[in-house]
Each structure stands twice: as C-alpha cells, then as structure tokens.
Amino acid sequence: MGKNRWFLPIASTIGFLFLYAPILSLVIFSFNSNRLVTVWAGFSTQAYADLWADPQLLPAALLSLQIAAVAATIALVLGTLCAIALVRFRRFRGKTVLQATVSAPLVMPDVITGLALLLLFVAMQSLIGWPAGRGIVTIIIAHATFCTAYVTVVVQSRLSDFDLSLEEAAMDLGANPVRVFFDITLPIIAPALVSGWLLAFTLSLDDLVISSFVSGPGSSTLPMIIFSKVKLGVSPEVNALATIIIAVVALGVIGATLLSMRNGRAKRA
C-alpha cells in the first residue's frame, strides 16, 4: 500500500516531463544569445528582434491565420448542416453516402487526401479553367474539406443528446422552425460550434502535408516555411515564434479555465 501511493505521482511526473520538457526547452532556448540553439551562451532577446525583421516567418504566420480562419468558418457551416441532416433526418436518399463521405477524411492518410485534391484541382482547371493555378484558394478549399468531417463529429455528438421537447415547446407557442433554430437550438449547441471551429482552426493552422500538395508560389503556409528551415537546422527565430504561439495558447487556456470556474461558482450560488 505504501509503495502504490507513490506510483501515481511518479508516473504523472514522468508523463508531464515527457510531454512538456521539449516545449520548455524550446522556450528557454528562444532567449539564447547563440545562433546554435542547442548551445546556451547567455540570455538575449535578439531572436525576437530578428523574428520581427524576418521576411518569411511573419508573413507566413499571417497567411496561415487567415487561411485557418476562413477554412474553419466554411467547415463550421458545412459541418453543422451535415450534422443536422444526419441526426434530425433519420432516412433520406443518400444518407449512407453522406455518412461515408463525412467519415472518410477522418481515417484517410493525409498523403492520399492531398494527392486526391491536387488531381481534382488539376482536372477542374483543365475542364472549367478554375481554380487558375494553385494558391490560397485551393488551400482554403482543401482545409475546409477535411476540417468539415471533424466539425460534423463534434456537432453531431451534441445534437444526439439534444432535448427535442424544447423545440416542440417553442413551436407550440407559435414560433416557426427558423426562429426555433436561431432562438433555441443554436444557443444550446453554441459550445459545440465553438469547439468545432477551434478544432478546425487548429487543424488547418497545423497542416503541412495537404498544404504542400495544393499550394503554389507565394502561398507557403507557416508549417511549410518552418519545415523548409529546419532542414538546415532550427533557427532562433523559429524558437521565438513558437514561444509566442505557446504564450498565446497558454493565455487562452488560462482565460477559458478562469471563465469556466467563474461560471461554475455563479451556478452554485
């Protein structure tokens, strides 16, 4: 019994070190004065100054944020519509095909998805002349395609547990289906919509393989730029940018946790 009580703290410590020690070392070495990021030579913020003047990293980061925001929004709309169709309409022609189409990107390797989308864009360009080349538009379409599947799963799980009596009560009081959706259904599933959008945004921002297939000149995303740079060794500017992203994410998580705790206390009161 005495030995077992130490097992969980030790295992937890090892697990957290395995997960967060590399991130912590990245943050520390972003303040390294040495260009060799694995050799500590003293504290310096020069990497952040060099990052601000970098002609590739910041434009690529801004482009990735724009693509991720647009792709996540498109995926949110399409995924919500697919989830509603799959949950609310028990039987309709093509439901099996829709279910399989939505589920396929979840299990399909990124290489296959990227190659398939590339061939699709090439065929569309030869047939109808659009899209004219590969660039930001094709990346957005590709990201929205696979992100829609994830949004559908998130929203579908929330709709499956939805209490239909709330909608029925609103319609009994004279509300039409459109008003019921916007006044009753949408606010209740809003947390799932936010979660789906954030998940799609993160997946789009992080994607490398599919973007490499469907991108063109002048449309390199941040993961593509970083991947090309690390082939020659990790630079301090990459560490600095990664540290900024980690800080933003950490602040978001802390803010969401504090808000959730405050809402929990307010409900108990």
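Placed above this text is the structure.
For the structure given in this document, a descriptive report is provided here.

The rules behind each value
- Starting afresh in each chain, residues are numbered from 1 along the sequence in its written order.
- Local features in a predicted model are, by the rule used here, given only for residues with pLDDT of at least 70; side-chain atom pairs are given and counted only at 80 or more, and totals for whole chains, interfaces and linings are based on all residues.
- Hydrogens and water are ignored here; the side-chain numbers use all heavy atoms of the structure.
- Numbering of helices and strands runs from the N terminus, with a helix taken as a DSSP run of H or I at least four residues long and a strand as a DSSP run of E at least two residues long.
- Throughout this description, buried means an accessible area under 20% of the type-specific maximum (1.4 Å probe, protein chains only), exposed means over 50%, and partly exposed covers the range between.
- Contact between two residues is taken to exist if any of their heavy atoms lie within 4.5 Å; hydrogens are not considered.
- Nonpolar cores are built from buried Ala, Val, Leu, Ile, Met, Phe, Trp, Tyr and Cys residues. Side-chain atoms within 4.5 Å join them into one set.
- Between N-to-C directions, angles span 0 to 180 degrees; the directions come from axes that are lines fitted to C-alpha atoms, helices contributing only their stretch in contact.
- If an angle is under 35 degrees, it is roughly parallel; if it is over 145, roughly antiparallel; if it lies from 65 to 115, roughly perpendicular; otherwise it is oblique.
- Salt-bridge detection follows one rule: a side-chain nitrogen of Lys or Arg within 4 Å of a carboxyl oxygen of Asp or Glu.
- Excluding any residue in a salt bridge, patches collect residues exceeding 30% relative accessible area, merging like charges within 9 Å and nonpolar Val, Leu, Ile, Met, Phe, Trp and Tyr side chains within 5 Å.
- Accessible areas in this description were obtained via Shrake-Rupley with a 1.4 Å probe; residue shielding takes into account the shown protein chains only.
- This arc is taken over the directions from the axis of the helix to the C-beta atoms.
- What counts as a ring pair is set by centres within 6.5 Å for rings of Phe, Tyr and Trp (its six-membered ring), and what kind of pair is set by the plane angle: stacked under 30 degrees, edge-to-face over 60, tilted for all other angles.

### Focus on the overall build of the protein
Helix and strand counts for the protein come out as twelve helices and zero strands. Going from N to C terminus, the protein has its helices and strands arranged as α-α-α-α-α-α-α-α-α-α-α-α. Within the protein, the proportion of its 269 residues that are buried is 31%. In the protein, once contacts between residues fewer than 6 apart in sequence are set aside, the share between residues at least 24 apart is 70%.

### Some remarks on the nonpolar core
Core analysis: the largest hydrophobic core is formed by 28 residues, its most contacted members being Leu117, Val151, Val155, Leu159, Ala200 and Val214. Those elements that provide at least two residues to this core are helix 3 (57-88), helix 5 (110-128), helix 6 (136-160), helix 9 (190-206) and helix 10 (209-214). Residue contributions to this core peak at ten residues, all from helix 3. The residues contacting valine 155, other than those within four sequence positions of it, are Thr80, Ala83, Ala192 and Leu193. In terms of nonpolar packing, the next biggest core, distinct from the first, is built from eleven residues, Ala60, Ile225, Ala240 and Leu241 among them.

### Some points on the packing of helix 8 (residues 177-188) against helix 9
With their axes 4 Å apart at the nearest point, helix 8 and helix 9 run at an angle of 55° to one another. Accordingly, the angle class assigned to the pair helix 8 and helix 9 is oblique. Here Leu186, Pro187 and Ile188 of helix 8 lie close against helix 9, whose contacting residues are Ala190, Pro191 and Leu193.

### A word on the pattern of salt bridges
By the definition in use, this model includes two salt bridges. A salt bridge links arginine 88 to glutamate 167; its shortest N-O distance comes to 3.1 Å. Highlighted residues: arginine 88 in helix 3 and glutamate 167 in helix 7 (residues 164-172), separated in sequence by 79 residues.

### Quick notes on the environment of alanine 116
For alanine 116, the location among the structural elements is in helix 5. Exposure remark for alanine 116: the relative accessible area of 44% places this residue in the partly exposed category. Measuring from C-alpha to C-alpha, the distance between alanine 116 and alanine 41 comes to 48 Å, with 75 residues separating the pair along the chain.

### Quick look at a nonpolar patch on the surface
Taken together, the side chains of Phe16, Phe18, Leu19, Tyr20, Ile23 and Ile246 make up a nonpolar region of the molecular surface, amounting to roughly 650 Å² of accessible area. For the nonpolar patch, the leading source of residues is helix 1 (residues 4-29), giving five residues. With relative accessibility at 53%, the residue phenylalanine 16 sits in the exposed group.

### Comments concerning helix 2 (residues 46-53)
For helix 2, the complete set of buried residues consists of Ala47, Tyr48 and Leu51. The buried residues of helix 2 occupy an angular sector of 100° when the element is viewed end-on, so they sit on one face. Summarising the geometry of helix 2, the exposed residues directed more than 90 degrees from the buried face are Trp52 and Ala53. On its buried face, helix 2 sits against helix 3 and helix 12 (236-268).

### Observations regarding the packing of aromatic side chains
The full count for this structure, using the stated rule, is six aromatic pairs. Taken together, a centroid distance of 6.1 Å and an interplanar angle of 20° make the contact between phenylalanine 16 and tyrosine 20 stacked. Taken as a pair, phenylalanine 16 and tyrosine 20 lie in helix 1 at a separation of four residues, close to a single helical turn. Taken together, a centroid distance of 6.1 Å and an interplanar angle of 75° make the contact between phenylalanine 29 and tryptophan 40 edge-to-face. Remark: tryptophan 40 occurs in the loop between helix 1 and helix 2 and phenylalanine 29 occurs in helix 1; sequence separation between them is eleven residues. On the basis of relative accessibility, which here comes to 44%, the residue tryptophan 40 falls in the partly exposed class.

Keep in mind that these numbers describe shape and distance, not what the molecule does.
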